[in-house]
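Observations on the three-dimensional arrangement
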Amino acid sequence: MKKVLYRTQISTISGISLVVLLLFSNFIFAQNQATAEVAVELTTETAAGGDAEKGKQLFNQNCAACHALNRKMTGPALANVETRLSEEEGLDKEWLYAWIKNSAGMIASGDAYANKIYAEYNQAAMTAFPTLSNADIDNILAYTAAPPPAPVQAVAVAGEVAGGGSSSSGITNEVILGALVLVFGLLVMMLILVNITLRRIAEANGVVIEKAKAEKRTPLWKAFAQNQFLVLVFSIFLLLGSAYYAYGWMMQIGVDQGYQPIQPIHYSHKIHAGDNKIECKYCHSSARVSKHSGIPSLNVCMNCHKSIYEYKGNPEGPSAEDLANGYTNEFYTGEIKKLYKAVGWDEENQKYTGESKPVEWVRIHNLPDLAYFNHSQHVSVAGIECQTCHGPVEEMEIMFQYAPLTMGWCINCHRETNVNLEDNAYYEKIHEALSAKYGVEKLTAAQLGGLECGKCHY
């Protein structure tokens, strides 16, 4: 009997694979155990006489609309304001108490520095805060004096749900992936050696391995072509299918459902209408009184963005989906800078330069000229919510056309929607007459004449 080669090699490779797996398992376990022992503690910065954590809350409630810590806004930057005033102007904390509680009184009394600040910031009077106690002001000053917190990196803890991975978990994943690749390579090598060994065993026992010879058969296409019944049935189905798809394609001409163009300035409805709960008609105010909903002018944006100069995001940070799409805090802040450039806003001096340029917004919803649609009739009279036609805009990062806006879609809406009679004497009168005519309690828009051609076509 012939000696079969590679059996010793197979045993050796199997042993090596087992050792490698044990080594990597121990290494990964030790690394995860060390990572799990790391804890990140957020300490409250406390200055003499004040609590910075409480001061942050008071600052955001009372001061953040006009002040930032490290940049000028409507008012001056407030980082280390107590120290700066003491060293540069010789003013103590008592002066700050008086100024915050009654700035107008300080200006009227002739205080030199109060009048200097008042003149420097275009005589914009600071809001008085008489309800703030000295302890509250101490907390605010403690917050302004606290050093900026160092960026905290998330730490992956053993057992934590995947999705918020940190650098430690990234290293662990790379080690695991490397180990799996190595083991996979060893298994492939083992399978090749097993195959060779089995062939040698077969040869040693005199077993001849022959490859099956394929029988000559008639090609499938030739057999199909020779069957006239199958050819006839296939032709009929081909013609019917072609007609069906041709009809469907032609019916989609002019239908732009799902249209989602890229705008020159990225505007997130998800942040504005969703996170911040801004009402649609605050920006699209003409929808109440006009045929068109209108494109908001940039001064509407600046009502808020004079003070909101950077995007700080949600407390829990950007989601994995946002990061995958590049929607970071820095990205949104960059879009705010585009707005400033368009309106000619000087951040440093907090004033308009007069150098503005129009933003070329790309229109999304566009009805054909032969169709008439009045926003005010639907929004103000009928009381229809914007989401009925435009979809859940509060969830849309990039706005797109939600509904098909076809004639059939509008007609179905008129057939299914009851007329809103609330505070509308005209509709109450006609509703009473038509209800008796149709024998119903509530009228739909179609029963009120909403299917007449002249209602929507000139």
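Details of the structure are given in the entry above.
As a starting point, this report considers the structure included with it. (Residues numbered from 1 in each chain as written. Predicted model: local features only at pLDDT ≥ 70, side-chain atom pairs only at ≥ 80, totals over all residues. Heavy atoms only, no water.)

1. Digging into the overall build of the protein chain
Each helix and strand counted, the protein chain has 21 helices and four strands in total. Here the protein chain holds 458 residues, and the buried ones make up 26% of them. Restricting the contact set of the protein chain to residue pairs at least 6 apart, pairs at least 24 apart contribute 66%. For the protein chain, the exposed surface amounts to about 31,800 Å²; the carbon and sulfur share of it is 59%. (Helix = DSSP H or I, 4+ residues; strand = E, 2+ residues; numbered from the N terminus. Buried < 20%, exposed > 50% of the residue type's maximum accessible area, 1.4 Å probe, protein only. Contact = heavy atoms within 4.5 Å. Areas by Shrake-Rupley, 256 points an atom, 1.4 Å probe, with all protein chains shown as cover.)

2. Notes on the packing of aromatic side chains
If you walk through the whole model with that rule in mind, you get 10 aromatic pairs. With 5.8 Å between their ring centres and 90 degrees between their planes, Phe224 and Phe234 make a pair best called edge-to-face. Pair noted here: Phe224 is in helix 9 (residues 220–226) and Phe234 is in helix 10 (residues 228–251), with a separation of 10 residues, a long-range link. Residue Phe234 is classed as partly exposed on the basis of its relative accessible area, which comes to 47%. Ring geometry for Trp345 versus Tyr352: centroids 4.9 Å apart, planes at 70 degrees, classification edge-to-face. Judged by its relative accessible area of 10%, Trp345 falls in the buried class. The class of Tyr352 is partly exposed, set by a relative accessible area of 40%. (Phe/Tyr/Trp six-rings, centres within 6.5 Å; stacked < 30°, edge-to-face > 60°.)

3. Details of a nonpolar patch on the surface
Nonpolar side chains collect at one region of the surface, where Phe224, Phe229, Leu230, Val231, Phe234 and Leu238 lie side by side and expose about 560 Å² of accessible area between them. Looking at where Phe229 falls in the secondary structure, it is placed in helix 10. (Patch = residues over 30% accessible without salt bridge, like charges linked within 9 Å, V, L, I, M, F, W, Y side chains within 5 Å. Salt bridge = Lys/Arg side-chain N within 4 Å of Asp/Glu carboxyl O.)

4. Section: the environment of Ala287
Among the secondary structure elements, Ala287 is positioned in the loop between helix 12 (280–283) and helix 13 (298–305). Leave out the neighbours within four places in its chain, and Ala287 touches His292, Ser293, His375, Ser376 and Val379.

5. Topic: the nonpolar core
Counting residues in hydrophobic clusters, the biggest one holds 24 residues, and the most contacted among them are Leu85, Trp95 and Trp99. For this core, the elements supplying multiple residues, two or more each, are helix 2 (52–62), helix 3 (81–89), helix 4 (93–101), helix 5 (103–108), helix 6 (112–120) and helix 7 (134–145). For this core, the element with the most residues is helix 4, which contributes five residues. Leave out the neighbours within four places in its chain, and Leu85 touches Gly90, Leu91, Trp95, Leu96 and Tyr113. By size, the runner-up hydrophobic cluster in this structure holds 13 residues, among which are Met73, Tyr309, Ala342 and Val343. (Core = buried A, V, L, I, M, F, W, Y, C linked by side-chain atoms within 4.5 Å.)

6. Side note on unusual backbone geometry
In terms of backbone geometry, most residues other than glycine have negative phi values and most peptide bonds are trans. At Asn80, a residue that is not glycine, the phi angle is positive and equals roughly 55 degrees. Note that Asn80 resides in the loop between helix 2 and helix 3. Note on Asn80: relative accessible area 36%, which makes it partly exposed. Of note in the backbone geometry, Lys277 takes a positive phi value of approximately 55 degrees without being a glycine. With respect to the element layout, Lys277 can be found in the loop between helix 11 (269–275) and helix 12.

7. Here we look at the pattern of salt bridges
Scanning the model with the defined rule gives seven salt bridges in all. Put simply, Arg71 and Glu347 hold a salt bridge, and the shortest N to O gap is 2.8 Å. In this pair, Arg71 sits in the loop between helix 2 and helix 3 while Glu347 sits in the loop between strand 3 (345–346) and strand 4 (351–352), placing the two residues 276 residues apart along the sequence. Of the charged contacts in the structure, one is a salt bridge between Lys337 and Glu347, with a shortest N-O distance of 2.9 Å. Here Glu347 lies in the loop between strand 3 and strand 4 and Lys337 lies in helix 15 (residues 329–343), a separation of 10 residues in the sequence. The structure contains a network of salt bridges with shared partners spanning Arg71, Lys337 and Glu347.

8. Digging into the packing of helix 2 against helix 7
Contact pair helix 2 / helix 7: the axes reach a minimum separation of 7 Å and the direction vectors enclose 100 degrees. When the axes of helix 2 and helix 7 are compared, the pair comes out roughly perpendicular. Only Asp136, Asn139, Ile140, Ala142, Tyr143 and Thr144 of helix 7 make contact with helix 2, whose side of the interface consists of Ala52, Lys54, Gly55, Lys56, Leu58 and Phe59. Per-class residue counts for the contact of helix 2 with helix 7 are six nonpolar, three polar and three charged. (Axes fitted to C-alpha atoms, helices over the stretch in contact; angles between N-to-C directions. Parallel < 35°, antiparallel > 145°, perpendicular 65-115°, else oblique. Nonpolar A, V, L, I, M, F, W, Y, C, P; charged D, E, K, R; others polar.)

9. Quick look at the state of the cysteines
Counted by the stated rule, this structure contains zero disulfides. Of the cysteine sulfurs around Cys283, a residue in no disulfide, the closest is that of Cys301, at 6.7 Å. A relative accessible area of 18% places Cys283 in the buried class. Here Cys453 stays unpaired: no disulfide links it, and the sulfur of Cys456, its closest cysteine neighbor, is 9.0 Å away. (Disulfide = S-S within 2.5 Å.)

Shape descriptors only; they carry no functional weight alone.
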